[in-house]
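Given next are the chains, with one letter for each unit.
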Amino acid sequence: MRASFDPDIFDAIRLELRRGCLVLAVLAQLREEHYGYTLRKALSDEGLEIEESTLYPLLRRLETQGLLTSEWREEEKRNKRFYRLSDEGEAILTQLLAEWNGINKSLNKILKEHVRR
């Protein structure tokens, strides 16, 4: 018999989990320049959907924190804001990836032990 759970609690925890993962994914993807739509599509193509209402505030926050740079350019007769990882963003990404790999390694061990029980 499967235990029941409160879907609101699940949604809140899932949102927390996704939030950190999205930051890491956006930083990693912006090692190459993108504007919002192409960034969103690149993430989606890798299986990570992100809503515009989440992406654009995240981009603004990361730029305010100095992790991204951006510039407006005209492309296809439209002005588009292009984003790229800054030098500081690259340094933070390197540290975050090391942290992610450590957490992932630990979680894999914990989860394997849980499955064995």
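The preceding data block contains the structure.
Criteria and cut-off values
- Residues numbered from 1 in each chain as written.
- Predicted model: local features only at pLDDT ≥ 70, side-chain atom pairs only at ≥ 80, totals over all residues.
- Heavy atoms only, no water.
- Salt bridge = Lys/Arg side-chain N within 4 Å of Asp/Glu carboxyl O.
- Helix = DSSP H or I, 4+ residues; strand = E, 2+ residues; numbered from the N terminus.
- Buried < 20%, exposed > 50% of the residue type's maximum accessible area, 1.4 Å probe, protein only.
- Phe/Tyr/Trp six-rings, centres within 6.5 Å; stacked < 30°, edge-to-face > 60°.
- Polar contact = N/O pair within 3.5 Å; in protein donor to acceptor, adjacent residues only side chain to side chain.
- Contact = heavy atoms within 4.5 Å.
- Axes fitted to C-alpha atoms, helices over the stretch in contact; angles between N-to-C directions.
- Parallel < 35°, antiparallel > 145°, perpendicular 65-115°, else oblique.
- Left-handed = near helix turned anticlockwise from the far one by under 90°.
- Nonpolar A, V, L, I, M, F, W, Y, C, P; charged D, E, K, R; others polar.
- Pairing = 2+ DSSP bridges.

Attention now moves to the pattern of salt bridges. Here the structure, examined in full by the defined rule, presents 7 salt bridges. Note that Arg73 is salt-bridged to Glu33, the shortest N-O span being 2.7 Å. Of the two residues, Arg73 sits in strand E2 (residues 68-75) while Glu33 sits in the loop between helix H1 (7-29) and strand E1 (34-35), which places them 40 residues apart along the sequence. Under the relative-accessibility criterion, Arg73 is labelled partly exposed at 28%. Between Lys80 and Glu76 there is a salt bridge whose closest N-O contact spans 3.2 Å. Residue classification places Lys80 among the buried residues on the basis of a relative accessible area of 5%. According to the relative accessible area criterion, Glu76 is exposed, its value standing at 64%. Salt bridges here are not isolated pairs; linked through shared partners, they connect Glu33, Glu71 and Arg73.

Applying the stated criterion across every chain yields a total of 2 aromatic pairs. When the ring of Phe5 is compared with that of Phe10, the centres are 5.8 Å apart and the planes differ by 55 degrees; the resulting orientation is tilted. The class of Phe5 is exposed, set by a relative accessible area of 52%. Pairing Tyr35 with Phe82 gives two aromatic rings, centres 5.4 Å apart and planes at 70 degrees, and the pair type is edge-to-face. Of this pair, Tyr35 sits in strand E1 while Phe82 is found in strand E3 (residues 78-85), placing the two residues 47 residues apart along the sequence. Of the two residues, Tyr35 and Phe82, neither departs from the other in class, the shared state being buried.

Attention shifts here to the side chain of Lys80. Positionally, Lys80 belongs in strand E3. Of note is the side chain of Lys80, whose polar atom sits 3.2 Å from the side chain of Glu76. Contact partners of Lys80, with chain neighbours within four places excluded, come to Tyr35, Glu71, Trp72, Arg73 and Glu75.

It is worth spelling out the packing of H1 against helix H2 (residues 36-45) at this point. Put simply, H1 and H2 touch, their axes get as near as 11 Å, and they point 115 degrees apart. Considered as vectors, H1 and H2 are oriented roughly perpendicular to each other. Relative to H2, H1 is oriented so that their crossing is right-handed. Between H1, through Ala25, Val26 and Gln29, and H2, the contact on the second element is made entirely by Leu39, Ala42 and Leu43. Tallied by class, residues from the contact of H1 with H2 come to 5 nonpolar, 1 polar and no charged.

Strand order in the open sheet formed by 3 strands is E1-E3-E2, with antiparallel pairing between adjacent strands. Two strands bound the open sheet, and with one partner strand each, they are E1 and E2. Where E1 and E3 come together, 2 bridges link them in antiparallel fashion. Paired with His34 across the two strands is Tyr83, which belongs to E3.

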